[in-house]
Each structure stands twice: as C-alpha cells, then as structure tokens.
Amino acid sequence: MATTLSDSPLSLLERVADPGVLRTLPADQLPLLAHEIRQFLVERVCATGGHLGPNLGVVELTLALHRVFDSPRDALVFDTGHQAYVHKMLTGRQEYFDRLRQTGGLSGYPSRSESVHDLVANSHASTALSYADGLAKARQLAGEQDRAVVAIVGDGALTGGMAFEALNNLGTAQDRPVIAVLNDNGRSYAPTVGALAGQLGALRRGGGTGVCRNFFTDLGFVYFGPVDGHDTGEVEGVLRRARAMNRPVVVHVVTVKGKGHRPSETDAVDCLHTVNAVVPASARGGTRSSTRSWTSVFGQALAELAAARPEVVAVSAAMLQPTGLGPMRERFPQRVFDVGIAEQHAVTSAAGLAMGGLHPVVAIYATFVNRAFDQVLLDVALHRLPVTFVLDRAGITGPDGPSHHGMWDLSLLAMVPGLRLAAPREAAQLPALLAEAVAWDEGPTVVRLPKATAGAPIEAVASMDGVDILHRGKGRPLDVLLVPVGPLAHAAVEAAGILEHEHGIGCTVADPRWVLPVNPALPSLAARHQVVVSIEDGVRTGGVGAALSQQCQDHGITTPVHRLGLPRAFIPHGPRSQLLAQAGLDAPGVVQAVRTATANRPAHRLSSLQRHGGAG
Ligand SMILES: Cc1ncc(C[n+]2csc(CCOP(=O)(O)OP(=O)(O)O)c2C)c(N)n1
Ligand SMILES: CC(=O)[C@@H](O)[C@H](O)COP(=O)(O)O
Ligand SMILES: [Mg+2]
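Here the residue index of a chain counts from 1 through its sequence in written order. A letter from A marks each chain and a number from 1 marks each ligand, given out in the order of writing. Residues qualify for local features only when their pLDDT is at least 70, as the model is predicted, and side-chain atom pairs are given and counted only at 80 or more; totals for whole chains, interfaces and linings, by contrast, use all residues. The side-chain quantities take in all heavy atoms of the structure and omit both hydrogens and water.

### Description of the UniProt feature "binding site: thiamine diphosphate" (unreviewed entry) in the protein
Under the present numbering, the feature "binding site: thiamine diphosphate" (unreviewed entry) in UniProt falls on H82, S123, H124, A125, G156, A157, N185, H261 and E343. The named residues occupy 262 residues along the chain; their greatest pairwise C-alpha distance, 31.4 Å, places them well apart from one another. Where helices and strands are cited, they refer to DSSP runs of H or I of at least four residues and of E of at least two residues respectively, numbered from the N terminus. Looking at where H82 falls in the secondary structure, it is placed in the loop between β1 (75-78) and α6 (85-89). Exposure classes here rest on a 1.4 Å probe applied to the protein chains alone. A residue is buried below 20% of its type maximum, exposed above 50%, and partly exposed in between. Judged by its relative accessible area of 15%, H82 is buried. In what follows, a contact means two residues having at least one pair of non-hydrogen atoms within 4.5 Å. Those residues in contact with H82, other than ones at most four positions away along the chain, are H51, P54, N55, G108, Y109 and H273. Within the secondary structure, H124 sits in the loop between α6 and α7 (128-141). UniProt positions are given in the numbering used here, feature names are shortened, and annotations may be inferred rather than shown by experiment.

### Things to note about the layout of surface pockets
Here the idea is plain: a probe the size of a water molecule rolls over the atoms and shows the empty space left. Put plainly, a pocket is an open set of points on a 1 Å grid over the protein atoms alone with protein on both sides within 12 Å along at least five of seven lines, a cavity is a set where a 1.4 Å probe fits but cannot get out, and a lining residue has an atom within 4 Å of a point. Grid points are joined across faces, edges and corners, and a volume is the space filled by probe spheres set on the points. Space inside the second largest pocket adds up to approximately 330 Å³. For the second largest pocket, the lining is made up of 18 residues, of which P487, L488, H490, R576 and L580 are closest to its centre. Of all the elements in the fold, those that place two or more residues in the lining of the second largest pocket are α20 (489-503) and α23 (576-582). Only Asp, Glu, Lys and Arg are considered charged, only Ala, Val, Leu, Ile, Met, Phe, Trp, Tyr, Cys and Pro nonpolar, and every remaining residue, Gly among them, polar. Looking at the lining of the second largest pocket residue by residue, the class counts come to 9 nonpolar, 4 polar and 5 charged. Domain start and stop points were drawn from an automatic or database domain assignment. When residues of the lining of the second largest pocket are assigned to domains, at least three map to each of domain 2 (294-448) and domain 3 (462-611).

### Description of unusual backbone geometry
Cis geometry is adopted by the peptide bond preceding P226, which originates at G225 and carries an omega value of -5°. Along the chain, the position of P226 falls in strand β4 (residues 222-228). With omega at -10°, the peptide bond leading from L516 into P517 counts as cis. Position of P517 relative to the elements: it lies in the loop between β16 (514-516) and α21 (521-527). At R393, a position not held by glycine, the phi torsion is positive, near 55°.

### Details of the site of ligand 2
The immediate surroundings of ligand 2 are formed by H51, H82, Y109, Y189, H273, T274, Y365, R393, D400, H404 and K451. In protein, a polar contact requires one atom able to donate a hydrogen and another able to accept it; more generally it is a pair of N or O atoms within 3.5 Å, and residues adjacent in sequence count only if both atoms are side-chain atoms. At 2.8 Å, a side-chain N or O of R393 approaches an oxygen atom of ligand 2. Between ligand 2 and D400 there is a distance of 2.9 Å, counted from an oxygen atom to a side-chain nitrogen or oxygen. Across the shell around ligand 2, the residue classes break down as 3 nonpolar, 5 polar and 3 charged. Looking at which domains feed residues into the shell around ligand 2, each of domain 1 (12-20 + 29-273) and domain 2 (294-448) gives three or more. For this description, a residue counts as near a given molecule or strand if any of its non-hydrogen atoms is within 4 Å of it.

### Observations concerning the coordination of the magnesium ion (ligand 3)
Note on metal sites: the ideal angle is 109.5 degrees for four tetrahedral donors, and 90 or 180 degrees for six octahedral donors. A 2.8 Å cut-off from the metal defines N, O and S donors, relaxed to 3.2 Å for Na, K and Ca; water is not in the atom list, so some sites may appear incomplete. Around the magnesium ion (ligand 3), the protein contributes the donor atoms D155 (OD), N185 (OD1) and R187 (O), which lie 2.0 to 2.2 Å from the metal centre. For the magnesium ion (ligand 3), the donor residues sit on a single chain with the sequence spacing D-x29-N-x1-R. The pair N185 / R187 is uniform in exposure class, with both members buried.

### Re the sheet that holds strand β7 (residues 336-338)
We call two strands paired when DSSP finds no fewer than two bridges between them. What the 7 strands build is an open sheet, ordered β7-β6-β8-β9-β11-β10-β16; its pairing is mixed. In this open sheet, the two strands that pair with only one neighbour each are β7 and β16. The sheet shows a mean angle of 25° between the axes of neighbouring strands, direction not considered. Every axis in this analysis is a line fitted to C-alpha atoms, fitted for helices over the stretch in contact. Angles between the N-to-C directions lie between 0 and 180 degrees.

### With respect to the UniProt feature "binding site: Mg(2+)" (unreviewed entry) in the protein
Here, the residues flagged by UniProt with the feature "binding site: Mg(2+)" (unreviewed entry) are D155 and N185. On the basis of their most widely separated C-alpha atoms, the annotated residues across 31 residues gather in one place, lying no more than 6.9 Å apart. Relative to the elements of secondary structure, D155 occurs in the loop between β2 (149-154) and α8 (161-170). Not counting residues within four places of it along the chain, the set of residues in contact with D155 comprises L182, N183, D184, N185, G186, R187, T192 and L200. Here N185 lies in the loop between β3 (179-184) and α9 (195-206). Those residues in contact with N185 that lie beyond four places of it in its chain are D155, T255, V256 and K257.

Shown next, in the form of structure tokens:
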C-alpha cells in the first residue's frame, strides 16, 4: 500500500513504493532519491549479478518517465528490457531484488506476470518501436489517443533492422503520436558502430543549438535533444513538451552507462553491462576456478585458425567480446566486422563475404539465430555458401530467462538443406570441430556451444564412421543406444554406468559430433539395439532426435527412438544445471527415461545380463 511521504521513517526510496507517490515528490528531493537508487542497484546487483551498467545509466530518465507519464494507463515500452530495474523499483518490486534472476525470483527483464506496468518480456533488441506502433494504432482505434505510448530505445537497439522498419511507419503517422525516447549512451557492449551512431554523435556535439534538421526530422518526427539524461528536471520538461506535441517525437537523451559507479579495470571494458555476482571473499574457495569458458576456448581457436587460413573472417552483431572474438580482433583487426545489433544483416553480409571468396565465421548467441533464420536458409544455404555459424549460449543459458535460452536452433537448422551442425561434447573438442567446419566449403556449417565452463573431457573407447563410442553396452544383444548431443554426453555416460550397475541394462553411448544431418552410421547402429534414446539441449519437437527417428524410418529400422529434450515451452530463468535436471536431461533423468522405455520390452528380448540375474 503506498504511503504518503510525510508519515514514514523509511528511506526516501522505500517510501516511493509506486509511481503515484513518486509524482508527489518535490523536485528538490529527486537527487537524493537518485542517489539512493544507485546505492540500491550497486548493492543488490553486485550480490546477484545482472545488468548494473545499463540501469545505473537510466536512473534519472526512469524517474522522469514515471513522473510525466501515468503507467500503466500510459505505456512505457523498454527495448531489450535489461535496463528496466529502476522501473521495477519504482513500481513496487524493491523487496524482490535479493532474488533477481534466480529461480522463482524477479526476472532480469520486464515480466507481464510480475506487474501491469510491464509490457515486453522479450529480451531481443530493436522491438520496442514496433510494439509502440501497434499500441498506438490500437489506442487510436479505441479512441484513446490521450493514453501516451512511449518507447525507450538504446542507441545500440536502434541499429537493429526492426527499429528502422518501425521508424519508417511511425514517422508518417502524424495523427498517431508515439514518443521515442532514445537512450543514447554511445554504447552497446562496446561503442555502438555505424553511420547512425555517427549521426547521434554529431547531434550530441551539436548540443541542441537549434538543430532543425536531422535523420529523425527527415522521417517526419519532431526532434528534441540532445538532453542531459542525468538532469531529471530537464528530462521531465522535455517529456512534457513531447507529450503536448501530439505528434511523433524523438527525445534524444544522452546518458552515461554505469553512471555513478567506479568500475574495476575489467568492468570498464563494457561499462558494467553485465556484472557477475560478487562472491564475498569469505565465501570464496581456496583457489579461484581456473577452468576456462567455452567461449574463450573458441576465441583462441579461431584466432589460430585465422592465422593459418587467410580466407577466414569474423562477423559479430555488437557482441565481439561476449562471443569471444577479442583475440581475433587483436591479431587481425581488418578481418573482424561488427555490424551492430543486426543479425539478419550480419548473416546476409556474411553471404556476401562468402560470395567474395572468403570464409566468414558468424559468432552470435544461439537465441539470436532465430531472428536470422530466413537469411541462413535462403541467403546462405540456398546458394551453398561456405559460412560457419558459431552459436554460443546454445541450449539452456540460465539467468536471462525464456528469450535467451538457445533452445530453438537445432529444430530450426535441422530444416536447412545442406547445413551441417556440430555439437562438441566438451570445449577441448572445439578447435578440431571448428577447423572441420571452416574447411567445409560446400555450404553452411554450425558449431554450437553452451554457456558453461570447459568440463573434463570424455575419451572415446572407439570410433566408427565419425561416431565416437563413449561407452559400450554389456548386454547381448545390445540393449539401449544413447545418442547425446554435445555436452549432454556427460549425463549419458553417467546414466549408462548407473543403468548397468544398478538396473542391469546395457547401454551404448554414441556421440556423432556432427549431429545434423544424421550420421548414416547411426540408423544401422540403432538396428542393433532394442531402444534408442536421443538427448538434446533443445526443444524436442524438432532437432536431432526427430531427424534420427526420421532417418531410422527411412531406412526401415523399427527400433523405437525415444526423444529427450526441452519441452515446447518458455522456460523461466534459473541455474542451467537445475533447468536441465527439471527437463530430465541429467543422469537421473536419462536413467528414468531408459527404464521407462525398456520397462515394457518383451522378456525374451532383454539382454542376457537382465535374464541372468542383473538387478533390474
Ligand atoms: C537481437 C539481439 N541481439 C543481441 C542482443 C544482446 N544485447 C543485449 S543488450 C545489448 C546492447 C544494447 O545496447 P543499447 O540498446 O544501446 O542499450 P544499453 O545497454 O546501452 O543501455 C546487446 C547487444 C540482444 N539482446 N538482442
Ligand atoms: C541483455 C542481453 O541480451 C545480454 O546482455 C545478455 O544478458 C547476455 O548474457 P551473457 O551474460 O550470457 O553474455
Ligand atoms: Mg547504448
């Protein structure tokens, strides 16, 4: 229940429990409130991990937004949503920040199930202006143009194609006013690239000296700016003017990412874009974990590959460091292209690079390949162009929630004719598989890797036709064939041991490494087993299990294929290991699935192990 300001001993921030209370606050108390918000952000986000820098940069802007507009009657649409912590604090959710991005806790992005003030849960950038366009049309048809529609878009998000498509529509709708608040801190992860960033820089330098014509005004917008995004009064004043214009308006707000917090040397690289939870010294183990991330193994391998192969170039969509392209850029800066947050353009630009005789490596997160599926299919694969996609954060990622899990790439890419996809089971396999991918010049290749530290390798006990046999079944005839994808091989090998020693079921674990298209050796291997169980860190309605099942059918193999994978659902945020276990993709889950799949097998067909007294 909101308290009025005067009757509570709480801190100012604690007293601002909802936007209505905020709007009663005298302007001279706003600097203190902003200071308390920054203190709160640093304390809480350093404890849980999260997007500290983007939120420190929008404190005054968010205060002004909630003082000028009446959310949820007026719509505040945050692009990408990683900068909505202050919005959440001001809409009654301060108490939940101690479990930010944790299982059952506060989402790191707006969440419609959390609050009526939240509209867009999708963390994929460059969407806000399109939502705003639709909302404004709905308001107009409902005769509710007095309800404002405000999109808050970062300078990075503005480099995405959808943003331009929306601007193209919004600028013509003079009777359908949308207020586009451009949060310009000059950065995505790194300084934002491209001509538009240059235009914004010129506008910033111009200092609003009666700027009359620019990119935005040419599209039909009224332009207000540049505005000091850390002066709440100035921002408030401009937002009130924008609201009163009753026309499409761009409010160009200049902010500082990470404002008010002295980052460490390493943090300064990306202005505290995402900070990890700071483990208190007392809670740290003796030795800091030395295990490298998969991403760093990839980055090193690519730089070495590029040294040997001059045709190799790299393409990033505003995520050079997070996707591990740092080493390659240091050694070969001319051969690394950052195109901004523009995955569709990145893929088709890579097609152009391939047409020009090069072999581009497009490094993006698996979830973002969704956005560029058509480009992979018809700009790359149709022309059988040698482009390699390295999909980081493949499978369950964890803290970034449903729109960040990389769980659709296997199903999507399984449909692409001529595309070959490798899934290394551990980081140590990455260099070899990357080299194989880059050596292939007859069409697109993909290497997918998880958000994980590099685990201990599993040595193959045998290899046949490109399939690594990681564990041999003891039963005769062989009982169950486990076909894991990538790092789930670890769960499969552990499950095989349990099944053998505790349940008398023999399992063979086969890791094809190249999982799409299905290795021709797998159907014949399946024919020698009673049950096949595929295990993949992707939605199971398509993907590798479905392809293997289809291949068996096409070859007249009647061995049933049981497909383990992620449900066709939006999976919330939480630790990767916990979410995989919930989906039955850990060793106990595989054991359970195998026991269920073999429970109704006719006794005579069970293995000698089971017939002669193995526990089971
Ligand atoms: C389609 C898409 N590609 C990449 C990302 C990863 N990403 C998250 S935030 C970010 C930078 C956003 O920059 P900007 O919009 O300027 O916001 P800021 O962090 O500066 O506040 C990127 C590239 C994403 N969320 N969506
Ligand atoms: C908001 C966004 O899309 C990214 O910043 C995302 O949070 C990256 O997550 P990682 O920490 O896995 O790089
Ligand atoms: Mg930015």
